[in-house]
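# Fold and geometry: a report
Letter by letter, the chains look like this.
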Amino acid sequence: MLTVLLTGLRARWAAFLGSFVALALGVGLLTVTGLGLSATFDAPEREPVRFASAPVVVKGRDTLTVEVRRGPTTAPATRKLDHPQPVDIELLRELRARWTVTTAGGPDAVGVDGPADRVRALVGDRAEVLTGGDRRRADPEPEQDAEALVALDSLLGTAGGVTTFVSVFVVASTFAFAVALRRREFGLLRTAGATPGQVRRVLLAEAAAVGVLASAAGCALGVLAAPWQARILVDGGLAPDWFTIRATVHWPLYTAFGTGVGVALAGAVAASRRAGRVGPTAALREADVDTDVLPLGRAVLGTGLLLAGLGLLVWTCATEPSELLKRKSYTSRSMLLIGGLALLSPLLVRPVARLLRLPGATAMLVRENSAAAVRRTAAVAAPVLVTVALAGSLLGSATSVTHTKAAEAREQTSAPYVVTGTDLKPVAAAPGSAVSASAGTSVFVRDGEEALVKYRARAVSDPAAFADLARLPVVAGNLADLDDRSIVVNEEWERRTVGTEVAVWRADGSGPVRLRVVAVLALGTGDNGPYVTRANAPGAVVDRIDARGVTPRALAASGGTVRTAAAWAAATHPVMSPPIRLGMVLVLGIALVYTLIALANTLLMATSVRGGELASLRLAGATRAQVLRVVAGEAGLAVGIGTALGLAVTAVNLGALGAGLAALSAPVALAVPWAAIGAAAGACGVVATAAAMLPAWRLTR
């Protein structure tokens, strides 16, 4: 058996090359991803900047802590404040009486040159005492790096998931197609006395050998590529400037290597079972037309994934439509639909291929050959489906959500002009005009008795002008009733009945204050409310002015940027930010590279064994150019079928997203990324045509 294995690997090295490259690339990407994740987990401790020379920092409270219910007892729940509380004047006087105290840019914190234990005893619970690396919490925007690392974790996790999904798919498809091409070989082995178990073991051993070699190469590739990827992430704004990736942690290497070997074996299991069922003479009697192209196990798994994806879409749209707007959600749903449709693709290839009704003998041969060779056509169409569906669903969903947010923002004001900036100066309203100034703030509220929730809110200066200019989706109540003792909430709030009082903590942690609900807004994309007055937003500064009946010249005196409402909505809700665009390019680039590898490998294998068929066409009178056109047409038709199926998945995902937006009372502004889909399909078409015509040109010389 070992001799058969080694001989097979040596004789069929070209057939295993595609699987080797795909696995090596996948393991390399998983290695880089794992090393990147480990770098975020073990981020180096940053040195404090603001109070670098002070051994102790006394900082005003910057969190709100409220007791909430945890089972039969209570526990503290903590949320970050927008505006840290200043150090108490009396406490500051006591500190200065004992030690040297330094201030740096604000009353929220001071540096103290004294022993930490004695400072802590004096301060008690009146403020926070920071030492060591914790002193960095007094620096401006101390959470910025942490937030960047969280976003980076999300990106790397998505990239790792897509890599694993596509690599399993490509390797499994490659092994399955290779087994279909080797049926005569397996029939001869069975005739020579090989048992089904021995045939299965040969295939699994081949997969293990390829998996071990490819995984080792991939780990080495990942270690070499890790510093390069870190530079890309930093330059693209996806990681902090200090972020680096070093191969000093070994668990990502072990995980990637084990995953690579497991993927190779998982991809070969189904193929080996099919190979073991080949009888001694079945392969010798088999016609060229593919039969039994959709085994029961594949049909059940594909149907299950497809139904699960569709059911999850319907369930989410009916119960939590806001979940449809999240990146992780539409990525996972897309993978379910893609996996299900790809597994069922052999069932769809033949009827779709029959739809080609172009005149001429070449078109007829392309149609009939594609319909007869279902396995070959499906093996080409499936990876194209993966790439087109991912490009359409991920980019389409992200762009649609952004377009919807811009349209929603534009619809929510009747003001012709919007001014934005930091700490805007007041603008006088002339008779017949309306000027509504507002500021960003936060409010905190208990969600039931079990959680403390922080909501981003807007604080309006003039409730009457706000009610006059706002065009918010009010489902109950009246915006004109807003005053210093009331609040406008949205449908996400637990207590959202007009007239009900809610206990609210303000952005600086003061409270709770009881505010009466005067209006309830539809949830929308998540930016609808709540709204309070400036009296309930301590520390908030005006950053937006909506105006009607005021000239742009007069508005410019506020010190901000004056735009029309449409221009403001477009500027504040760009199609896609550069970091998000780079993340999408990385994820979709992974899928495209895998697809091109799968196409080249499949068509090189498939066309190389068609010497007799192509010779028959020449004997029937076809010229060499006609034969090459037939081969190219078959490759193009398979790519077209994959593109059509990918567009079907895109349509389902975007349709569900549109239904969810409508359920949220948000404007539906769906966008199909035709440029990205066209580029992906075009690249697939070029590679598929070249990979099919190269061996055909050699065989027809």
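Residues numbered from 1 in each chain as written. Predicted model: local features only at pLDDT ≥ 70, side-chain atom pairs only at ≥ 80, totals over all residues. Heavy atoms only, no water.

Our next topic: the confidence of the model for the protein chain. Of all residues in the protein chain, 89% attain a pLDDT of 70 or more, and the chain-wide mean is 83. When the elements of the protein chain are averaged for pLDDT, helix H9 (residues 282–285) gives the smallest value, 51, and strand S14 (residues 531–533) the largest, 96. (pLDDT = per-residue confidence, 0-100. Helix = DSSP H or I, 4+ residues; strand = E, 2+ residues; numbered from the N terminus.)

Before going further, it helps to examine the nonpolar core. Counting 65 residues, the largest nonpolar core has Val166, Phe243 and Leu390 as the members making the most contacts within it. With 11 residues, helix H14 (residues 374–411) is the single largest residue contributor to this core. Judged by nonpolar contacts, the second largest core, of 19 residues, contains Val388, Leu614, Ile677 and Ala692. (Core = buried A, V, L, I, M, F, W, Y, C linked by side-chain atoms within 4.5 Å. Buried < 20%, exposed > 50% of the residue type's maximum accessible area, 1.4 Å probe, protein only.)

Another point: the environment of Arg201. The topology assignment puts Arg201 in helix H7 (residues 196–235). For Arg201, a relative accessible area of 51% translates into the label exposed. Each C-alpha atom of the pair Arg201 and Val269 lies 9.8 Å from the other, and the pair is 68 residues apart in sequence.

With that settled, consider the side chain of Thr316. Mapped onto the elements, Thr316 comes out in helix H10 (residues 296–319). By relative accessible area, Thr316 is classed as buried at 9%. Within polar-contact distance, the side chain of Thr316 engages the backbone oxygen of Leu312 at 2.7 Å. Ignoring anything within four residues of it in the chain, the contact list for Thr316 reads Pro321, Glu323 and Leu324. (Polar contact = N/O pair within 3.5 Å; in protein donor to acceptor, adjacent residues only side chain to side chain. Contact = heavy atoms within 4.5 Å.)

Together, Leu307, Leu310 and Val652 make up a nonpolar patch on the protein surface, roughly 240 Å² of accessible area in all. The residue Val652 is located in helix H20 (residues 624–663) in this model. (Patch = residues over 30% accessible without salt bridge, like charges linked within 9 Å, V, L, I, M, F, W, Y side chains within 5 Å. Areas by Shrake-Rupley, 256 points an atom, 1.4 Å probe, with all protein chains shown as cover. Salt bridge = Lys/Arg side-chain N within 4 Å of Asp/Glu carboxyl O.)

Before going further, it helps to spend a moment on the packing of aromatic side chains. Enumeration according to the criterion identifies two aromatic pairs in this entry. When the centroid spacing of 4.8 Å and the interplanar angle of 20° are considered together, the rings of Tyr455 and Trp493 count as stacked. One end of the pair, Tyr455, is in strand S9 (residues 451–460); the other, Trp493, is in the loop between strand S11 (486–490) and strand S12 (501–504), with 38 residues separating them in the sequence. Side by side, Tyr455 and Trp493 carry an identical accessibility label, which is buried. Both rings, one in Phe466 and one in Tyr531, keep their centres 5.0 Å apart while their planes meet at 35°; by these two values the pair is tilted. Taken together, the residues Phe466 in helix H15 (residues 463–469) and Tyr531 in strand S14 connect sequence positions 65 residues apart. Using a relative accessible area of 9% as the deciding quantity, one classes Tyr531 as buried. (Phe/Tyr/Trp six-rings, centres within 6.5 Å; stacked < 30°, edge-to-face > 60°.)

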